[in-house]
Amino acid sequence: MTFTIESAQAIFSDTQVRSPIPATIAQFEKLDVDDKLALLWYAYTEMGRSITPAAVGAARLQFAESLLHQIRHLSSSDQLQAMRDLANRAETPVSRSYGAFSVNTKLAFWYELGELMKQGIVAPVPSGYQMTAGVKALLETIQKLDAGQQITVLRNAVVDMGFSPDVAPSTDKEPLFARTAPAPTQIEVAGITEPTIVSYLEALNRDDFETAVALFTDDGALQPPFQKPIVGHKAIARYMRAEAQGLNIMPSQGISDTLPDGSKQFKVTGIVQTPWFGVNVGMNVSWRFLLNPEGKIYFVAIDMLASPQELLNLSIV
Ligand code: 45D
C-alpha cells in the first residue's frame, strides 16, 4: 500500500468530528467590517475577564513599533479606517506592512493596540456603534466555546487580516518565547512506545525543531489545525520556527496500528499550551501520525478537538 498525502489525511477519519471553529469563522466572515471589528473587540474583552494573554516583551514589539506609532498619531477617524482596511485586507500601506508581519508580530500588534484602546488612545468601535443581531448571536456562540477554541478563533482572525505578501515573512530575527512553565522533558504516552513519536513530542518541548524535522521523510508533511499540509523539511522547519515556539506539549494517551506493508498509524491525544496564555489555557488536540516501515514520519496532522470528550475517542477506524 502506498500512501499519498491525500490518503494519509484520512487516517483516523473519525477524529475530524465537526469542530465548531470553522463554522464560527464562516459566520464571522459574513459580517460587515464594523461588525467584525466590534465582534472581535467584545469577544476579546469578554474573554479577558477570565484569561488574558501574557504581556508582549519589547523585543517582540520592535517589529510592530513603527506601525503602532503611525496609528497612534492618526485622527480617530483615520485610526478606524486603518482598522477597517486591516479587516478588509485592503491594499493600503498600513495593511501591507501588517501583512508582512509574522503571526506572532500580528498578535503582538493587536495586543498593543488593545492596550491603547483600554487607555482611550484608540477607539475600539465607531462612536455610537449599535450591536447588530448577527454580532449578538455570534458572540453568544463564541462564549460557549472552550477557552482553547476561543483563542483559536481570535488568532485566526488576527492572522487573516492585512494585505498578504506573496512571500512568507521571515522570522529569523524574532526573539524566542520565554516559557511560562517548564515543559515536560520526558514524555510518557499511555499506549505508545514508538520512539519516533516520543522523540517528536519531546523535541517540540525543547524547541529543538532540527531534531523534530529530521524525524520526517524527505517528502513528509505536517498539517496544522485547519490548514493545508506543509510539505518537506525546509518548509516544516520554517513553519515550526514561526509557530511552534514555546509550546508545552502534554500528550496523555494514544493508540497504534500496524498496516500490512509495515507502515504504522498512531493517534495521540492531549493538551497543548501556547506561550501566549501559558498554563491558563489548555487546548485539547490530537496528533494523527503515519510512519513509514522505517519509522519515519510521512504525515502528521494536528487537530483541535471539538470537546474534551474527544480526548478519549481512541478507536481504530
Ligand atoms: O480591538 O505538533 C482583535 C503546531 C480585534 C506544530 C483585538 C502544533 C479587535 C506541530 C484582534 C480581537 C504548531 C501545529 C483587538 C503542534 C480589537 C505540533 C486583539 C500546535 C484589541 C502541537 C486581539 C500548536 C488579541 C497549537 C490581542 C495548537 C488577540 C497552537 C490575541 C495554538 C490572541 C496556538 C492570541 C494558539 C491568541 C494561540 C494571543 C491558538 C493565541 C492563540
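Conventions we followed
- Residues numbered from 1 in each chain as written.
- Predicted model: local features only at pLDDT ≥ 70, side-chain atom pairs only at ≥ 80, totals over all residues.
- Heavy atoms only, no water.
- Helix = DSSP H or I, 4+ residues; strand = E, 2+ residues; numbered from the N terminus.
- Rg over C-alpha atoms; globule rule 2.2 N^0.38 Å.
- Buried < 20%, exposed > 50% of the residue type's maximum accessible area, 1.4 Å probe, protein only.
- Contact = heavy atoms within 4.5 Å.
- Areas by Shrake-Rupley, 256 points an atom, 1.4 Å probe, with all protein chains shown as cover.
- Lys, Arg positive; Asp, Glu negative; His and termini not counted.
- Charge placed at Lys NZ, Arg CZ, Asp CG, Glu CD.
- Near = heavy atom within 4 Å.
- Polar contact = N/O pair within 3.5 Å; in protein donor to acceptor, adjacent residues only side chain to side chain.
- Nonpolar A, V, L, I, M, F, W, Y, C, P; charged D, E, K, R; others polar.
- Domains from an automatic or database assignment.
- Core = buried A, V, L, I, M, F, W, Y, C linked by side-chain atoms within 4.5 Å.
- Expected span 1.5 Å × (residues − 1).
- Arc of directions from axis to C-beta.
- Buried area = accessible area lost by both parts, 1.4 Å probe.

S.K.: Mind laying out the overall build of the chain, listing which residues take part and the relevant values?
M.R.: On a plain count of helices and strands, the chain comes out with 13 helices and 6 strands. For a compact globule of 317 residues, the expected C-alpha radius of gyration is about 20 Å, and the chain comes in at 20 Å, within 12% of that figure. Across its three principal directions, the C-alpha atoms of the chain cover 65 × 40 × 35 Å. Within the chain, the fraction of its 317 residues that count as buried is 52%. Taking the intrachain contacts of the chain between residues at least 6 apart in sequence as the baseline, contacts between residues at least 24 apart amount to 69%. Accessible surface computed for the chain: about 14900 Å², of which carbon and sulfur atoms make up 53%. Charged side chains of the chain number 25 positive and 33 negative; the gap between the two group centres comes to 4 Å.

S.K.: Give a detailed account of the site of the ligand, specifying residues and quantitative values.
M.R.: Close to the ligand lie 29 residues; Trp-41, Met-117, Tyr-200, Leu-204 and Trp-287 are nearest. A distance of 2.6 Å separates an oxygen atom of the ligand from a polar side-chain atom of Tyr-200. Contact between the ligand and Trp-287: an oxygen atom at 2.9 Å from a side-chain N or O atom of the residue. Considered on its own, the ligand offers 980 Å² of accessible surface; in the complex 97% of this is hidden by protein. For the shell around the ligand, the secondary structure elements donating two or more residues are α3 (33-47), α8 (103-118), α10 (147-160), α11 (195-205), α13 (233-243) and β5 (283-291). The residue makeup of the shell around the ligand, split by class, is 24 nonpolar, 3 polar and 2 charged. Two domains each donate at least three residues to the shell around the ligand, and these are domain 1 (21-159) and domain 2 (176-311).

S.K.: Could you give an account of the nonpolar core, naming the residues involved and the relevant values?
M.R.: Formed by 88 residues in total, the largest nonpolar core has its most connected members in Phe-109, Trp-110, Leu-113, Tyr-200, Met-240, Trp-287 and Phe-289. In terms of nonpolar packing, the next biggest core, distinct from the first, is built from 12 residues, Phe-3, Ala-8, Leu-290 and Leu-314 among them.

S.K.: Quick one: what's the story with the environment of Ile-5, residue by residue and with numbers?
M.R.: Inspection of the secondary structure assignment puts Ile-5 in helix α1 (residues 5-8). Setting aside anything within four residues of it in sequence, one finds Ile-5 in contact with Asp-219, Ala-221, Pro-229, Val-231, Tyr-298 and Phe-299.

S.K.: Before we move on, can you summarise helix α9 (residues 133-144) with the specific residues and values?
M.R.: For α9, spanning 12 residues, the distance from its first C-alpha to its last is 17 Å, which sits close to the expected 16 Å at 1.5 Å a residue. When we look at burial in α9, the residues that qualify are Val-135, Leu-138, Leu-139 and Ile-142. For α9, the arc enclosing every buried residue in end-on projection is 105 degrees, short of the 170-degree limit, so these residues lie on one face. Opposite the packed face of α9, turned more than 90 degrees from it, sit the exposed residues Ala-133 and Lys-144. Buried residues in α9 make contact with α2 (20-29), α3 and α10.

S.K.: With reference to specific residues and values, describe unusual backbone geometry.
M.R.: The backbone of Arg-89 sits at a positive phi, close to 55 degrees, despite the residue not being glycine. Tracing the backbone through its elements, the reader meets Arg-89 in the loop between α6 (76-88) and α7 (93-99). Residue class for Arg-89 comes out partly exposed when judged on its relative accessible area of 35%. In this structure, Phe-226 takes a positive phi of about 60 degrees despite not being glycine.

S.K.: Please provide a residue-by-residue account of the domain arrangement of the chain, values included.
M.R.: When its domains are assigned, the chain resolves into domain 1 (21-159) and domain 2 (176-311). Between the C-alpha centres of domain 1 and domain 2 the distance comes to 29 Å. Every contact between the two is made by 20 residues of domain 1 and, on the other side, 17 residues of domain 2. Summing both sides of the interface, domain 1 and domain 2 together bury roughly 1500 Å²; the carbon and sulfur share of this comes to 64%.

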